[in-house]
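Spelled out, the chains give:
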Amino acid sequence: MANSTLTKQRSEALGSTVALKSAMAVTGVILVLFLIAHMYGNLNVFAGRQAFDNYSHHLRELGEPMLPHGGFLWIMRVVLLASVLIHTYAAVVLWRRADRARPVRYQVTKRVQRSYSSYTMRYGGIGIALFVVFHVLHLTTNTIHPGGPSDSPYERMVSGFQPEFWYVTLFYVAAVLAVGLHLRHGIWSALTTLGANRQSRQRSLNIIATVIAAGLTIGFLLTPLSVTFGLVG
């Protein structure tokens, strides 16, 4: 009877872990798709102020008249916020569960063996969350404005990354690099969780994860660096 109860408890714990990993994978896919779309929007800055501002304005008109003005953006924000909260909750629970399951006598050894990507996923995620708050306050709500407030998304973007605000650019670059490292490991982990990982596919999955992460990293770095170095003005 005791063995049956123990087996059931282990089975339930395993199921919960699988569910949490699946939740992280699915929400991670949603966030990656958003990043791809967001990167495309940022790259419109190279087409000039009118094109960039028109793109930003068009986002507020998507779905009209079925949706109210700005309705699509609010739906997207709710989905993204829910994804971030679920992703974070699952990560924290799995993190704590892994720490509790680790035998005390092996803690030092495991700490040494723990991969760099593991640290990136945990502590990098915290840094990314802080950056997202700053990013929203800077370029979305216009609450923080290093180059001065403006109703033009293009002007907020360009004025905020001027050479005299090099520290803003540096912070942005560091955050994007952290996102890239997080994505590299996260994409591979998500594909594994969703059942795409097979011994014969290991190399292909690593290439896919690296290419997507590198592409997004470069894409997001192009805009602030181009502004700071005078290629966009």
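Computed from a predicted model, the values in this text were never measured in an experiment.

Asks: Is there a simple way to explain the packing of helix α7 (residues 166–193) against helix α8 (residues 202–228) in this structure?
Replies: Working note: a packed helix pair is described by the angle between its axes plus the distance between those axes. Put simply, α7 and α8 touch, their axes get as near as 8 Å, and they point 165 degrees apart. Regarding the angle of α7 to α8, the classification is roughly antiparallel. Note on packing geometry: the crossing formed by α7 with α8 is right-handed.

Asks: What exactly am I supposed to notice about the nonpolar core here?
Replies: Within soluble globular proteins, side chains that are nonpolar tend to cluster in buried spots. Of all hydrophobic cores here, the largest spans 29 residues; its most connected members are Val45, Phe161, Leu183, Leu216 and Phe220. For this core, the elements supplying multiple residues, two or more each, are α1 (2–43), α5 (116–139), α6 (153–160), α7 and α8. A total of 8 residues in this core trace back to one element, the largest contributor, which is α7. Discounting residues that sit within four places of it in the chain, Val45 has contacts with Phe52, Tyr154, Met157, Val158, Thr223 and Val232. Membership of the second largest hydrophobic core comes to 5 residues, among which are Leu20, Ala90, Val93 and Leu94.

Asks: Help me understand the UniProt feature "transmembrane region" (unreviewed entry) in the protein chain in this model?
Replies: Per the UniProt record, the feature "transmembrane region" (unreviewed entry) sits at residues 18–40, 72–95, 123–145, 165–183 and 204–227. Secondary structure within residues 165–183 divides into 95% helix and 0% strand; the distance between the first and last C-alpha atoms comes to 27 Å. Taken end to end, residues 204–227 is 100% helix and 0% strand, and its two terminal C-alpha atoms sit 35 Å from one another.

Asks: What is the right way to read the side chain of Ser152 from this model?
Replies: With respect to the helices and strands, the residue Ser152 is situated in the loop between α5 and α6. Within the structure, Ser152 has its side chain in polar contact with the side chain of Asp53 (distance 2.8 Å). Contacts of Ser152, omitting those with residues within four sequence positions, involve Arg49 and Asp53.

Asks: Sorry if this is basic, but what is going on with α8 here?
Replies: Because each turn of an α-helix spans 3.6 residues, side chains separated by three or four positions in sequence point in the same direction. For α8, with 27 residues, the first-to-last C-alpha span of 39 Å sits near the 39 Å given by 1.5 Å per residue. Of the residues trailing α8, Gly230 is marked for its positive phi of about 80 degrees.

Asks: Please explain a nonpolar patch on the surface as it appears in this structure.
Replies: A cluster of nonpolar residues, Val26, Ile30, Ile75 and Val79, forms a patch on the protein surface that exposes about 300 Å² of accessible area. Where the nonpolar patch is concerned, the elements lending two or more residues are α1 and α3 (71–101). Residue placement: Val79 occurs in helix α3. Look at Val79 and you get partly exposed, because its relative accessible area is 39%.

Conventions we followed
Residues numbered from 1 in each chain as written. Predicted model: local features only at pLDDT ≥ 70, side-chain atom pairs only at ≥ 80, totals over all residues. Heavy atoms only, no water. Axes fitted to C-alpha atoms, helices over the stretch in contact; angles between N-to-C directions. Helix = DSSP H or I, 4+ residues; strand = E, 2+ residues; numbered from the N terminus. Parallel < 35°, antiparallel > 145°, perpendicular 65-115°, else oblique. Left-handed = near helix turned anticlockwise from the far one by under 90°. Core = buried A, V, L, I, M, F, W, Y, C linked by side-chain atoms within 4.5 Å. Buried < 20%, exposed > 50% of the residue type's maximum accessible area, 1.4 Å probe, protein only. Contact = heavy atoms within 4.5 Å. UniProt positions renumbered as here; feature names shortened; annotations may be inferred. Polar contact = N/O pair within 3.5 Å; in protein donor to acceptor, adjacent residues only side chain to side chain. Expected span 1.5 Å × (residues − 1). Patch = residues over 30% accessible without salt bridge, like charges linked within 9 Å, V, L, I, M, F, W, Y side chains within 5 Å. Areas by Shrake-Rupley, 256 points an atom, 1.4 Å probe, with all protein chains shown as cover. Salt bridge = Lys/Arg side-chain N within 4 Å of Asp/Glu carboxyl O.

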